[in-house]
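Understanding the architecture of this molecule
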Amino acid sequence: MDNIDQYAVVGNPISHSRSPLIHQMFAQQCGEQLDYVAKLVALDSFSADIRQFFADHGRGLNVTVPFKQQAWDIADQLSDSATLAGAVNTLWLKNGAIRGDNTDGVGLVRDLIANNGYQLAGKKILILGAGGAVRGVLQPIIAQQPLSITIANRTLSKARQLAAIFADIYTLECCKYEQLESPYDLIINGTSASLNNELPPLPDVVVSADSYLYDMMYGERPTVFNQWGKNLGAKNCIDGLGMLVEQAAESFRLWRGVKPDTAPVIARLRKQL
Ligand code: NDP
């Protein structure tokens, strides 16, 4: 047992996490010997616990709420994507240094392009929300060279802060929901409103039959946001389960050097929702 490479997801709370199941499926599929568990970390002991994990020869960690910013602080080396994201969800040790990356954006983009056949290049994109999840996905979306990206948020100043952070690589448009007045090709819900079965106060005009709607949230039933889109006639309304599995696959690739096949894992999780 001691010889098996140790991985974990850390968060607080953590019992709901599907990451152990996902990574166990990846490991089995790729013939990789590893152990992956969920670890509850006390709110005041993240830094000490993470350093201890690596001192005990732990190989890699996924980091979830509320520790992604602390993980960014602890990393000795950051990817470009993680630097801009201001948050890290993947840590591993390389040549004695703790490396940090943020795979959420790669996960979202791969789910759209590879799993759903939707290209982002040249598209007029609307992103709802300006919290950690949105900041985390912006760089990989920008890398796809969309026509434009508008960030709509309840608190306009937070959207403007994001625009300032990304100003060197892209010009993000910012507004409040009630200022939206035309349809978008792709609308990504990165707010936490769906968690409470709420919908941001969106004008219907943003949706056309050809609009693609993507909710980072997922569940057994369509989210409030996706149901709203369907009611307005949007043909493609998808949830964030594929993003969850794809961000995990990218972590797995960074740690193990192999990219698992995500389709059977997404299908199995979908059945279990
Ligand atoms: P934050 O708390 O950092 O940000 C929340 C955002 O939602 C803010 O922009 C906030 O607006 C907005 N918001 C909350 N409630 C409402 C509402 N009722 N109406 C309008 N706007 C609202 O959260 P995160 O960015 O960390 O997470 C956002 C979502 O992304 C969560 O649902 C999370 O589960 C999901 N997620 C999914 C992943 C996946 O793999 N599928 C990965 C990461 C996140 P304001 O600034 O005005 O307060």
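Before reading further, recall that the structure is shown in the block above.
Residues numbered from 1 in each chain as written. Predicted model: local features only at pLDDT ≥ 70, side-chain atom pairs only at ≥ 80, totals over all residues. Heavy atoms only, no water.

Concerning the overall build of the protein chain
Convention followed: Only DSSP runs of H or I reaching four residues or more are called helices, and only runs of E reaching two or more are called strands; each is numbered from the N terminus. This radius of gyration counts C-alpha atoms alone. The globule rule is 2.2 Å times how many residues there are, raised to the power 0.38. Residue burial is assigned from relative accessible area. The probe radius is 1.4 Å, only protein chains are included, and a residue is buried under 20% of its type maximum, exposed over 50%, and partly exposed in between. Any pair of residues with heavy atoms lying within 4.5 Å of one another is described as a contacting pair. Note on areas: Shrake-Rupley with a 1.4 Å probe; residue coverage comes only from the protein chains shown.
On a plain count of helices and strands, the protein chain comes out with 10 helices and 12 strands. The C-alpha radius of gyration of the protein chain comes to 19 Å, within 12% of the 19 Å expected for a compact globule of 273 residues. Here the C-alpha coordinates of the protein chain stretch approximately 60 × 40 × 30 Å along the principal axes. Relative to its 273 residues, the protein chain shows a buried fraction of 50%. Taking the contacts inside the protein chain whose residues are at least 6 apart along the sequence as the reference set, 66% of them involve residues at least 24 apart. Of the roughly 12,700 Å² that the protein chain leaves accessible, carbon and sulfur atoms contribute 47%.

Quick word on the sheet that holds strand 6 (residues 97-101)
Heads up, the condition is: We treat two strands as partners when DSSP finds at least two bridges between them. Only the stretch in contact is used when fitting a helix axis, every axis being a line fitted to C-alpha atoms; angles between N-to-C directions are given from 0 to 180 degrees.
Within the open sheet, the six strands sit side by side as 2-1-3-5-6-4. Their pairing is mixed. The outermost strands of the open sheet, each flanked by one partner alone, are strand 2 (34-40) and strand 4 (77-78). Sheet topology places strand 1 (residues 5-11) next to strand 2; seven bridges connect them, and they run parallel. Each bridged residue has a counterpart across the sheet, and for Gly11 the counterpart in strand 2 is Leu40. Contacting strand 1, strand 2 and strand 3 (60-63), helix 1 (residues 19-30) runs over the sheet at an angle of about 175° to strand 2.

Focus on the site of the ligand
The following threshold applies: Whether a residue is near a molecule or strand is decided by its heavy atoms; if any one of them lies within 4 Å of it, the residue is near. Nitrogen and oxygen atoms within 3.5 Å of one another constitute a polar contact, given that in protein one can donate a hydrogen and the other can accept it, and given that sequence-neighbouring residues count only through two side-chain atoms. Gly falls in the polar group here, along with every residue not listed as nonpolar (Ala, Val, Leu, Ile, Met, Phe, Trp, Tyr, Cys, Pro) or charged (Asp, Glu, Lys, Arg).
With respect to spatial proximity, 21 residues lie near the ligand, and among them Ala133, Asn153, Thr155, Glu198 and Met216 are the closest. A distance of 2.9 Å is found between an oxygen atom of the ligand and a backbone nitrogen or oxygen belonging to Ala130. Gly132 has a polar backbone atom sitting 3.0 Å from an oxygen atom of the ligand. When the ligand sits alone it has 950 Å² of accessible area, and the protein chains cover 77% of it. Elements that contribute at least two residues to the shell around the ligand include exactly helix 6 (132-142) and helix 9 (241-256). Across the shell around the ligand, the residue classes tally to nine nonpolar, nine polar and three charged.

Describing the sheet that holds strand 7 (residues 124-128)
The strand order across the open sheet formed by six strands is 9-8-7-10-11-12, and the pairing between neighbours is parallel. Where the open sheet ends on each side, the last strands, each with one partner, are strand 9 (173-175) and strand 12 (236-239). Each neighbouring strand pair of the sheet contributes to a mean axis angle of 20°, computed without reference to strand direction. When strand 8 (residues 148-152) meets strand 9, the two strands line up parallel, connected through three bridges. In the strand pairing of strand 9, Ala152 is matched with Cys175. Across the sheet, helix 5 (residues 104-115) is in contact with strand 10 (186-189), strand 11 (212-215) and strand 12; its angle to strand 11 comes to roughly 145°.

Re the environment of Val134
Counting through the fold element by element, Val134 comes out in helix 6. Classification of Val134 by relative accessible area gives buried; the value is 0%. In this structure, the C-alpha to C-alpha distance between Val134 and Ala159, residues 25 residues apart in sequence, is 9.8 Å. What Val134 contacts, discounting residues up to four positions off in sequence, is Ile127, Leu128, Gly129, Ile151, Leu162 and Gly190.

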